[in-house]
Amino acid sequence: MNNLTFGRYSPYDTFVHRLDPRTKILMMILLMVAIFLQIPTWSTTLILSGLVLLFLVIVMITSKIKIKDFFKSLSAMWIMIILLIIVYVFIPNPNYNPAHIVFKIGTYGVNYDAFYQGGYIILRLVLMVMLTMILTSTTKPMDLTYALEWYMTPLKLVKFPIHIVAMTLSIALRFIPTLLDETNRIIKAQASRGVDYNTMNPIKKIGSLLSLIIPLFVSAINRSEELSNAMEARGYDPYGKRTRYRKLSFRWIDLIAFIVVLAIFGGILTLRIMVACGYNVDLIYWIFGAKPLF
Amino acid sequence: MKNVVVNKLNFSYDKETEVLKDVSLEIEKGQYVSIVGHNGSGKSTLGKLLIGLLTPKSGDITICGLPLNKDNINEIRSKVAIVFQNPDNQFIGATVEDDIAFSLENQNIDRKKMPELIKKAASDVGMIDFLTKEPSYLSGGQKQRVAIADSLVRNPEILILDEATSMLDPSGKEEITRLILELKKKNKDLTIISITHDIEEAYKSDHIILIQNGEVVLSLPPKELFNSYELIEKYHLDIPFEVKLKKALIDNGYKVDEESSLDELGELLCR
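Basis of the calculations
Residues numbered from 1 in each chain as written. Chains lettered and ligands numbered in written order. Predicted model: local features only at pLDDT ≥ 70, side-chain atom pairs only at ≥ 80, totals over all residues. Heavy atoms only, no water. Domains from an automatic or database assignment. Core = buried A, V, L, I, M, F, W, Y, C linked by side-chain atoms within 4.5 Å. Buried < 20%, exposed > 50% of the residue type's maximum accessible area, 1.4 Å probe, protein only. Helix = DSSP H or I, 4+ residues; strand = E, 2+ residues; numbered from the N terminus. Pairing = 2+ DSSP bridges. Axes fitted to C-alpha atoms, helices over the stretch in contact; angles between N-to-C directions. Contact = heavy atoms within 4.5 Å. Lys, Arg positive; Asp, Glu negative; His and termini not counted. Salt bridge = Lys/Arg side-chain N within 4 Å of Asp/Glu carboxyl O.

Undergrad: Help me out: how do you make sense of the domain arrangement of chain A in this one?
TA: Interfaces are often sized by the amount of accessible area the parts lose when they come together. Taken as a whole, chain A is organised into domain 1 (1-140 + 245-294) and domain 2 (169-238). Between the C-alpha centres of domain 1 of chain A and domain 2 of chain A the distance comes to 37 Å.

Right under this line is the structure:
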């Protein structure tokens, strides 16, 4: 249960914390798109990804996210990273340049294009993890739901109950810690009655998990009934008119941050469009006038 | 003025067992009434009926002069507030201030007025320093205080406490009981209906209504109830500490005044 600390909100008061959650979500989407735009030649990709990485590291440091926590969250991805490398290295791909074979295992040649491809995917994954981590550890979960609600506003036109969805989301978020406590309590109660949660036997494991999940669900359903009673008694009417206590505000710091991110996104997008139009966009070539390395 | 009038109320969850049978009661404005009874006596059901969470099978409920029905329910709910048993399951907002704001949002109150109202309600229950705290950082007693603040912020005429202290530890229990008495002192017009099985808490109220097997069997001030050993034995009630102490003192030859408080009894013992 302790791995759930990944990306948990940490209450500091930094520049990134103070940004409007709506801006943060939009910036995250822009950067994700930028990361996934593929630009030919490795050196260019490496330089661009490196620049994004550098930017994100600076953001992480300024928003007081501990680099240690970041590596901790990556440790859960080790298996995935290894699997990715195995898949890329050992599955033949006709697009790999036969001249790039490093060594041969039997008749199968290991191509270093494969390492490049695998490495690039991993780099993207790491960047994505960094982005989500920055978003979730600098934004209160409730602010995220407010932002999502704001982005869903156009759906009002088709009579979509945005407010109800947002309320459901915020209650779900509110009850995560409560249900985690409950889970721990049930684990202890069942363990004291002899249920073994650390067993390696898969059939026994399923049995012991059932002894956790059923009471958890029963209690969650009971809770929901009491909660709905409490909400009703406090005058909540999902279809009635309500005012809002929290209000999001777009300020000048949001504008500055947004311009910076837009510049990064715009830069990478321009390069991609140039590639699509048939230009050679090798950065090494542009800067040093040298020939492409690979 | 009668604030709550219940007339011949019947209720059952299923066809076989009747939970409430011909319950009639009247509660004066500004009274602090305890509804006591054993588990399954129907006292919590009565609380839910009073706020319209359940619909009675027959009989009527009149609250602040308004009959409880579908048309009036929203108006009545703005006058009656209820605090439930489980502190966790009535905490709706992400933080203390958001939770108090939830009640205000439902009442369509202008957001500019909210901070002031929230601060007032929070300081009334002594939670002003915890406004930005999340529920997981609060104790059970503190969460119940917030639940009371949620109710108070709406300026109710009637406050129902549905076993609000039963899930708290002894110090939390005392905290809440003391808070209720304080609120009572500050606002003489507030009617408090406390559904409880804590006899110590009931002893501090103005009036006790005893419910057994869905019927009102007793309705009288606590002093009268606990002075009659006949009644206590008949209904298997616990005896409050103060009454026990007085009896023990009298049995040991002390002269005890009927009206003397616990502190005075303590002084008497130390003399």
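Undergrad: Before we go on, may I ask you to explain the nonpolar core in this structure?
TA: The tendency in soluble globular proteins is for nonpolar side chains to be buried side by side. In terms of nonpolar packing, the biggest core is built from 44 residues, with A:Leu56 and A:Phe70 touching the most fellow members. Looking at this core, the elements with two or more residues in it are α2 (21-36), α3 (42-62), α4 (67-75), α5 (78-90), α6 (112-138), α7 (141-151) and α10 (252-276) of chain A. When residues in this core are grouped by element, the largest group, nine residues, is from α6(A). Formed by 34 residues, the second largest nonpolar core is a distinct cluster that contains B:Phe11, B:Leu20, B:Leu53 and B:Ile63.

Undergrad: Teacher, can you tell me more about the sheet that holds strand β3 (residues 32-36) of chain B here?
TA: Whenever strands of a sheet pair, they do so through backbone hydrogen bonds, lying parallel or antiparallel. All names here are of chain B. Ordered in space as β6-β7-β8-β3-β9-β10, the six strands form an open sheet in which the pairing is mixed. The sheet is open, and its two borders are formed by β6 (80-83) and β10 (215-220), each paired with just one other strand. Averaged over neighbouring strand pairs, the angle between their axes works out to 20° when direction is ignored. In terms of strand pairing, β3 meets strand β8 (residues 191-196) through five bridges, oriented parallel. Bridging across to β8, Val36 finds its partner in Thr196. The sheet contacts of helix α1 (residues 43-50) involve β3, β6, β7 (158-162), β8 and β9 (207-212), and relative to β8 the element is tilted by about 145°.

Undergrad: It is not clear to me how the environment of B:Leu66 should be interpreted in this structure. Could you clarify?
TA: All names here are of chain B. Mapped onto the elements of the fold, Leu66 is located in strand β5 (residues 66-67). Assessed through its relative accessible area of 19%, Leu66 is described here as buried. Sequence-wise, Leu66 and Lys113 are 47 residues apart; in three dimensions their C-alpha atoms are separated by 28 Å. When near neighbours in sequence (up to four residues on either side) are disregarded, Leu66 contacts Ile61, Asn72, Glu75, Ile76 and Lys79.

Undergrad: What am I meant to see in the sheet that holds strand β1 (residues 2-11) of chain B here?
TA: Residue and element names in this part refer to chain B. The sheet built from four strands is open, its strands ordered β2-β1-β4-β5 with antiparallel pairing. Whereas interior strands pair on both sides, the edge strands pair on one side only; in this sheet they are β2 (20-28) and β5. In this structure, β1 lies alongside strand β4 (residues 58-63), joined through five bridges in antiparallel fashion. Along β4, the bridge assignment pairs Val5 with Thr62. Of the strands in this sheet, β1, β2 and β4 are in contact with α1, which crosses β1 at around 120°.

Undergrad: Quick question: what am I supposed to make of the side chain of B:Asp162 here?
TA: Residue and element names in this part refer to chain B. Here Asp162 lies in strand β7. In this structure Asp162 is buried but unpaired, with Lys48 as the nearest side chain of opposite charge at 5.3 Å. When near neighbours in sequence (up to four residues on either side) are disregarded, Asp162 contacts Ser44, Ile82, Val83, Phe84, Gln85 and Ile195.

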